[in-house]
Each structure stands twice: as C-alpha cells, then as structure tokens.
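Here's the letter readout for the chains.
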Amino acid sequence: MAELKTGTVISTENGESLTIDSFIAEGGQGYVYKVTYKGQPRALKLYKPEAVKKLDWFHDNIREEIKVGALSDKFIWPEDLTVPINNTFGYIMPLKPPEYVDFDDILLAKCELSSFYAMTNCALNIVSAFRLLHRKGYAYQDLNNGNFFIRLRDGDVLICDNDNVSPEDNPSGIAGKARYMSPSVVMGGRPNRLTDRFSLAVCLFLLFIRCHPLEGVKALSVPEMNDYYLQKHYGKEPLFIADPIDHSNGPNRDIHRNFYLRWPLMTNTMKQLFTRTFSQEAMLQNESKYPLEIEWCRALLQFRTYFFKCPLCEQETFLDSDPPVCKCCGRQYPVLGMLKVNGVNGSHGYKIPLVKDVCIFREHLDDFSSTEQFVSQPVGMVRTKISEGTAGLSNISNTNWFYTIGGATYTCVPKQTVKLRNGMTIRIGNRDVTVHM
Amino acid sequence: MPIKLTPDKPEPISEEQQQTQENFSILPDDDGEIKVNLQKDIAVDIIPNEEPVPLELDMPDSGMLQSFRTEPVARKITPIFFLIDVSRSMEGVKMGTVNSAMEEIMNDLKNIENSDSELRFAVLSFGTGVQWVTGENGLIPCDGSWNTLVADGFTYFNSACRELRDKLSGSHGFFKFAARRTITPPILILMTDGFANDGDRDGNEGLAKLRENKYFRGSYRIAIAIGNDANQKLCENFTGDKELVFTAYNANALKVMIDAVVKGSVTVSSAGVADAPNPDPVTPDSATLIQTVQHEMNQLNPEENNNEDESWD
Ligand SMILES: Nc1ncnc2c1ncn2[C@@H]1O[C@H](COP(=O)(O)OP(=O)(O)O)[C@@H](O)[C@H]1O
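Owing to the predicted nature of the structure, the values given are computational and were not obtained by experimental measurement.

Sorry if this is basic, but what is going on with the overall build of chain A here?
Per the secondary structure count, chain A includes 12 helices and 23 strands. Its C-alpha atoms give chain A a radius of gyration of 24 Å, within 12% of the compact-globule value 22 Å for 437 residues. Within chain A, the fraction of its 437 residues that count as buried is 62%. By sequence separation, contacts in chain A at least 24 residues apart represent 55% of the contacts at least 6 residues apart.

Teacher, can you tell me more about the overall build of chain B here?
Scanning chain B for helices and strands turns up 10 helices and seven strands. Buried residues in chain B amount to 51% of all 313 residues. Here chain B displays about 14900 Å² of accessible surface, and carbon together with sulfur accounts for 46% of that area.

What exactly am I supposed to notice about the confidence of the model for chain A here?
When pLDDT is low, close inspection of the predicted coordinates is not appropriate. In the predicted model, chain A carries a mean pLDDT of 91, and 97% of its residues have values of at least 70. When mean pLDDT is taken per element in chain A, helix 10 (residues 280-285) of chain A scores highest with 97 and strand 11 (residues 166-167) of chain A scores lowest with 86.

Help me understand the site of the ligand in this model?
All names here are of chain A. In the region of the ligand, 17 residues are neighbours, and G28, Q29, P94, K96 and D161 sit closest. K45 is positioned with one of its side-chain polar atoms (N or O) 3.1 Å from an oxygen atom of the ligand. Take K96: an N or O atom from its main chain is 3.0 Å from a nitrogen atom of the ligand. The protein chains hide 84% of the 550 Å² of surface that the ligand would expose on its own. Here the residues of the shell around the ligand sort into nine nonpolar, four polar and four charged. Counting contributing residues per domain, the shell around the ligand is built from domain 1 (9-93) and domain 2 (100-295), each supplying no fewer than three.

Can you walk me through the packing of aromatic side chains in this structure?
Aromatic rings considered in pairs are described by the distance between their centres and by the relative angle of their planes. All names here are of chain A. Following the criterion strictly, the structure yields 39 aromatic pairs over all chains and no others. For the pair F116 and F307, a centre-to-centre distance of 5.4 Å together with 15° between the ring planes defines the contact as stacked. Residue F116 is located in helix 3 (residues 116-135), and its partner F307 is located in strand 12 (residues 307-309); the two are separated by 191 residues in the primary sequence. Taken as a pair, F116 and F307 share a single burial class, namely buried. Each ring, one from F208 and one from F303, has its centre 5.8 Å from the other, and the planes form 75°; the classification is edge-to-face. Taken as a pair, F208 in helix 5 (residues 193-209) and F303 in helix 11 (residues 293-305) lie far apart in primary sequence, 95 residues in all. Of the aromatic side chains, those joined through ring pairs into one cluster are F198, F205, F240, F259, Y260, W263, F274, F278, Y290 and W296. Sitting over the face of the ring of F149, K96 holds its NZ or CZ atom 5.5 Å from the ring centroid. Over the aromatic face of F361 sits the side chain of R304, whose NZ or CZ is 4.3 Å from the ring centroid.

How should I be thinking about the side chain of S125(B) in this particular structure?
Structurally, S125(B) can be placed in strand 2 (residues 117-126). Among all residues touching S125(B), those that are not within four sequence positions of it are I84(B), V86(B), V130(B), Q131(B), V133(B) and L149(B).

Help me understand helix 7 (residues 232-239) of chain B in this model?
Turn by turn, an α-helix covers 3.6 residues, leaving residues three or four places apart pointing in a common direction. All names here are of chain B. Turning to helix 7, its buried residues number three or more, namely L234, C235, N237, F238 and T239. N-cap assignment for helix 7: the residue whose side-chain oxygen lies 3.1 Å from the backbone N of K233 is N231. Immediately downstream of helix 7, the backbone of G240 shows phi near 80°, a positive value.

How should I be thinking about the sheet that holds strand 19 (residues 401-405) of chain A in this particular structure?
Two modes of strand pairing occur in sheets, parallel and antiparallel, and in both the strands are linked by backbone hydrogen bonds. All names here are of chain A. Strand order across the open sheet formed by six strands is 15-14-23-22-19-20, with antiparallel pairing between neighbours. With one partner strand each, in any of the chains shown, strand 15 (350-353) and strand 20 (408-412) form the two edges of the open sheet. Strand-to-strand twist of the sheet, defined as the mean angle between neighbouring strand axes without regard to direction, takes the value 25°. For strand 14 (residues 338-341) and strand 15, the ladder comprises four bridges, and the chain directions are antiparallel. Paired with V341 across the strands is Y350, a residue of strand 15.

Explain the pattern of salt bridges here, please?
Charged atoms that come close allow side chains of opposite charge to pair. Residue and element names in this part refer to chain A. Per the stated rule, a full pass over the model turns up 38 salt bridges over all chains. The salt bridge partner of R153 is D154, with a shortest N-O separation of 4.0 Å. For R153, a relative accessible area of 55% translates into the label exposed. Several salt bridges share partner residues, and in doing so they unite K74, R151, R153, D154 and D156 into one network.

Please explain helix 11 of chain A as it appears in this structure.
An ideal rise of 1.5 Å per residue puts 18 Å on 13 residues; helix 11 of chain A measures up with 18 Å between its terminal C-alpha atoms. Every buried residue of helix 11 of chain A is listed here: E293(A), I294(A), W296(A), C297(A), R298(A), A299(A), L300(A), L301(A), Q302(A), F303(A), R304(A) and T305(A).

Is there a simple way to think about the pairing of strand 6 (residues 220-225) of chain B in this case?
One face of the sheet, then the other: side chains in a regular strand alternate in exactly this way. Residue and element names in this part refer to chain B. Counting buried positions along strand 6 gives six out of six residues, so the element sits mostly inside the fold. Here strand 6 shows a buried face lined by Y220, I222 and I224 and a second buried face lined by R221, A223 and A225. Pairing of strand 5 (residues 187-192) with strand 6 involves six bridges; the strand directions are parallel. Counted as the bridge partner of I189 is I222 from strand 6. When strand 6 meets strand 7 (residues 245-247), the two strands line up parallel, connected through three bridges. By the bridge assignment, A225 is partnered in strand 7 with T247. In this fold, strand 6 hands off to helix 7, which returns the chain to strand 7; that crossover is right-handed.

How should unusual backbone geometry be read in this particular structure?
Glycine aside, residues mostly have negative phi, and peptide bonds are mostly found in the trans state. Residues and elements named next belong to chain A. Residue P323 is bonded to the preceding D322 through a cis peptide linkage, with omega at 10°. For P323, the position within the fold is in the loop between strand 13 (316-318) and strand 14. Despite not being glycine, D357 shows a phi value in the positive range, around 75°. Positionally, D357 belongs in the loop between strand 15 and strand 16 (359-361). One non-glycine residue, D367, adopts positive backbone phi at about 50°.

How each quantity is defined
Residues numbered from 1 in each chain as written. Chains lettered and ligands numbered in written order. Predicted model: local features only at pLDDT ≥ 70, side-chain atom pairs only at ≥ 80, totals over all residues. Heavy atoms only, no water. Helix = DSSP H or I, 4+ residues; strand = E, 2+ residues; numbered from the N terminus. Rg over C-alpha atoms; globule rule 2.2 N^0.38 Å. Buried < 20%, exposed > 50% of the residue type's maximum accessible area, 1.4 Å probe, protein only. Contact = heavy atoms within 4.5 Å. Areas by Shrake-Rupley, 256 points an atom, 1.4 Å probe, with all protein chains shown as cover. pLDDT = per-residue confidence, 0-100. Near = heavy atom within 4 Å. Polar contact = N/O pair within 3.5 Å; in protein donor to acceptor, adjacent residues only side chain to side chain. Nonpolar A, V, L, I, M, F, W, Y, C, P; charged D, E, K, R; others polar. Domains from an automatic or database assignment. Phe/Tyr/Trp six-rings, centres within 6.5 Å; stacked < 30°, edge-to-face > 60°. Lys NZ or Arg CZ within 6 Å of the ring centre and 35° of its normal. Pairing = 2+ DSSP bridges. Axes fitted to C-alpha atoms, helices over the stretch in contact; angles between N-to-C directions. Salt bridge = Lys/Arg side-chain N within 4 Å of Asp/Glu carboxyl O. Expected span 1.5 Å × (residues − 1). Right-handed = clockwise from strand over helix to strand, strands pointing away.

Structure, rendered in structure tokens:
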C-alpha cells in the first residue's frame, strides 16, 4: 500500500532531493507523503501507475505547470517533479497547514465553519480562484469535493490536486465523479471551462445548502445508482431539487432537512444563480448559460455583507427582514440606513447596511476589477451611536476620501471617521458611495 | 424605519426618511459657509484606528449557524456483503486467517468515510446452516468491530446463494431503508475453501438463482479461495471472471484486495478517456479493477514478477 518507506531519498528533476518523512493518505490516483525538500516540509504525491491512464500526460502537464508557477497563493501548486521511481513518479507541492480541513469533513458534519460569514467568504475564495484559473486560459476539468482545504475560522481556501489543471484544449482524460460532472461530461463530452462552472456550482450548493442539487426524491428513489441511472440522473435527465417548474425531483422533509433550513436563507440573486445553473436549458442545451464566476463573486459579496453581528446580542445575524429581527436573540435591532455603491459594467452595485462594524471592502468599490485574486481588504468601517441615531464611516484605508456638503468638498483622511447624513456622497477611490438614512 | 433593507432591490427614499434626515442632521447641509471640522463637529466617534481592522474580524463563534443543527449530506449507501465459508474444513489456520483479515478489514472500513456514499455491510456465514452474522435486519454501519467466526458443519453454498438472493432486494430485502435512500452497486466478497455440499458442487445451482437477481448482476464481486486445495471453479462461477478470484496469501493481501474493490466502486471510475470517440465515463469497468487488484498483489509478491527477466550466466 504505502509504497515508500520513511527515510527514502529521491532525486528531483530540478536537481534537488527529498526525504520521505511519513505517509499522509491514499487517494484514487496516488499516495500522498509528507517529505522534506530543500530543508522544508512539503507534500509529495506519488501516482499509482495502474490507476492513471495517461501518466505521461500528467508528467508533461506538471512540468508545464511548474514553469508557469502558482496562479495565486490559494493554489497548492506543483513545485518540482521526482525522477522516475518504480514505473511511476511524483510531484512536490506545499503541505496543507494543519488548521485547514477537508471539504468532506464539513459535508459529513464533522466540523463546521465558524459562521455564515466565513462560509460565504469560503465560497468567494473558491469562485475567485476559479475565475483566475479560467482567466489564465486553464480548465480544472475534475472539480469535486476532494479539491478544497478549508480553514473553518475564516473560510480561507486552498485548492489542491492541481495536476489536472491544463489548457482547455488539452484534456487529461480524467472524467472524475459523475455527481460533480456537467451532464455533457457524464455523457462522454470533454470537460472545459464551462463544465468547470457546473462543478463549481455543485460545490457551492453543497457548501451552502448541504445537499446535492440533483439528488432530490426522484434520484434517491432509484433502486440502485448503477451506470444506467447515473447516466439518467446526472446526464440525460438531470433535474434540480429546487426546479421552479418540475417538482418531481424536489426535496423530502426527512432526507433533505438541510435544504429546508438553508435554501430559504439564500437571497433572490443567489437562488437565481443556482436555478440558472441547474436549469434544463443550461444543463442540457446551452452550457454557456452557467453563471460566470464574476456573477457569483458579485452575488456572494453582497450576500456576505448581510451577515454581521447583531448590535444587541453580538451574535451573527442576517439581514433579511424589515424591520430587521435578529436570528439569534429574536429582537428587533436598529439599522440606521444603507450605503450604496453604484454599479457599473453590468454590476448592480452593492448595498452596505449601517450596522456597527460592517465594512466596505475593496471589491465593493472596484467590483473585482483590479484584483486577480480576491483579497477581502476592508477600506471603511461603519460606526454607530444608536442613542443618537447617528452613524459614521471610518476610513481604514490609506487614501483620502472626499465628500461634499452644501457645495463644499471636505477630506476624510485615513483613520478619521466621517459622520453620515442622508443623501451625502463620499468619493472613495474612483467610486461614489451614497448614503441613504 | 421604512427603508427596505433586503438586498437585490433598489429602495426609494420615503418621506419619513427625509423627516429622519432633518432630525438627524445637526449641521445645515446646505450652508456652504460651515467648514466642517472632522475632529470636532462631524466625526461621530472619532476613533483613530491605529491598525487597519482585519475583517476576518471577530465574527462570533456562535450565532445563527450554530442554531442550524446541520446534518451530514444525504448519501447513497454502498452495501458490502461478505459471504464466509465456515465449514469444518476451514478449521484451524484458514479460519484464523479469515478472522484476522476481517478484523483488519472492519477496522479499515470504519475509516473509509466520504460524502459520496456511506459504507454498510452484512456478513452471511455458511456451514451447517446459513446465518446472517450481522443480524436479520439488514446492513449495518462499520463500527470497526468483528466477532470471531467458528468453523463447523458442511458447506451450504447453494443455500447461501438463495439466502443472498432474497436479501438483494429493495422491496423486502436489505435495500429497504427507513428513509428514502438509494445504493451504489453492491460489493460481494466470497471467502471459501470448499465445495458446495448442498446440490451442485461447483455452486451452479445457487448461482443460477442469484443471476436472476438484478442487483447481483450489477454487483462487483471478488472471491478469495482460501488454501491451496480450494475449489477455484466455484469461485470463478461466483465472480464470473477468473481474474477476480484470488488466493489468500495472507491477511494483508486479503485486505488489499478488498480495499481495491471498495475504492473502485465508491467513486465512479475515471475510465472515460476523453479522446475516445464515445467514452463511457460512468461505467465502473472491471478491467481497471482487475488491473488494480493485480498490481496490489504483485506488490506483495514481487517474486512472481521477476520470473521473466531472470537471466543466468
Ligand atoms: N498538499 C497536501 N498536503 C497534505 N495532505 C494532502 C495534500 N494533498 C493531498 N493530501 C491528502 O491526501 C489525500 C488524497 O489526495 P488526493 O490528491 O485527493 O488524491 P486523489 O486525487 O488521487 O484521490 C487528500 O484527502 C488529502 O487529505
């Protein structure tokens, strides 16, 4: 099983060497070891030659990936290749830090993210990483639950198993798990950027709703999920559990309790994006209807902004009612108003509720245009004085803001707080933020 | 406050709001004369932030999410059946081999957890009689424990086949679950040394019955022929393929083979080669299974591999 013994020394293509420290895990395609490489702890994945049909393809692909370098720090990217060993080879990559867990542990309810805010942040990290990957002309091809490591505290994400990542016209031949594959791929088509988007949406649905989007009562009622039914329910006749027209694969109160709890929490935009992904049209006729990563980014950032600490009980709550009622303490809490960042380029803009400690992030302002990888950098933070019904916005960026009152323009320098009043506009960077109170 | 706070819809500013605005605004907004001093007049709470505030912030560790009582995702079940020969000829080392292997298998199955499917198993022993060692109620989760089986009696293989056929059923057998759940194709593992003592000695009679069953026909099967004198023919009849009949060299080999079967079946095999004209990516292909199992076996028995290349001066 574990084929390499502790202490084994292996040379690499870059002329370095590594030492096997311990066996970590066995996957479908290989064994993963903890190793020491250039004096640093690293991970080694050693392929099972019998389980990977195109071993040479992987070797060439990884060599290319190493040349290009990691797309961002969210990718656990190959760093070096071993020389051939026992009819196979391996590649070296960063080691997963211990505070990151397998996505599967979350799906099995063994652990949970610290908050919905962290969960949404996790989704943002995943989506923006895949946006970057696609922008660079790559496709992931075999995206599934095994590809993410997640930090529960804040939803930070590391994407592993990047050996499949390749230019779109160069498929690895790995088909992956049917449950995560776009119907066209289940039916034998090639994976590409568009089919990645389907797989991505399945992962997001699982993350938020904790059930599979195509596994409603119809799919769960088959006698056996064999080839025939796999092709039927994931390929030929896929049907969304929340399909607005055809309810025959809908949820069941006993089996899909997670669905009943969580789907209602989704905002309309989130629901629409899921519904569009899993619509008959997108799944069966036109895969270009799958939402783009940028659409997910926008929806998720807005969604995340509506999770904050209740000003009364300090527990996480979600703003979905007017007047707002805390999901934890059940009390009505004050929201003093709203900041609005006007949209451009097809974005609807963003709304930021005037609740203590809620932040405006760089991405609210630049609409994901200036950053390659989502960084979640706050630039402004809401302050409140509930007793007086007043709110302020602290400049926690390092640039000056400008705002106009009665025709005169004033400056708010970093670390200052500007008092907000209805109708006022604050110029932050090159965007106008208007105040509605 | 009449402002509509929910996302996605732009809000009109109502009259009441404007009212609020007047009450709220201490300084006349339209008076251009007044230079607002941030430090004194306008700042609500002048809170100098010495550090930029990181927002992974202090989201509380409890809150609405903790009240959600999230359940594991709904999973399919992967049924694993062990058919274990406990006839008298198994007494001694053979039975010991089976028991210690099963201990390790159970321990391993306990640790194989994934969100694609949930492993559950049942053990049917056949000796003098045919008995569901894991109970008549169906498949049970793998908690890692194993109760030693003791050899006695004849080999009622054909009866075991009939019993298995009855339970490979969703309407009255072991695939009937309280809540609606489907299964992956079952995994069937036969461990025997012997010959059927009830009817056809190669098990053809019982197997003919089993083959009427759809679940059986769609199952992954391997057989482990225990001991050198084992009836390979019966095993081959069971698996339908000579290559899926193995000899139990040792407990580890057995474990390795079952490991391979379990892993081959839990996830859909990646047999699809995208440049084939019409690949069938969801076919769990027994060729890969055979290859994998053989590879594992070769790892354990390297001397078998080397025969061809040996050169002598
Ligand atoms: N860089 C890494 N650091 C630590 N553990 C890892 C790393 N990469 C993979 N693993 C572990 O190894 C297991 C199997 O690896 P994986 O790449 O998923 O295999 P496969 O793709 O062959 O199924 C994973 O579940 C994970 O826990």
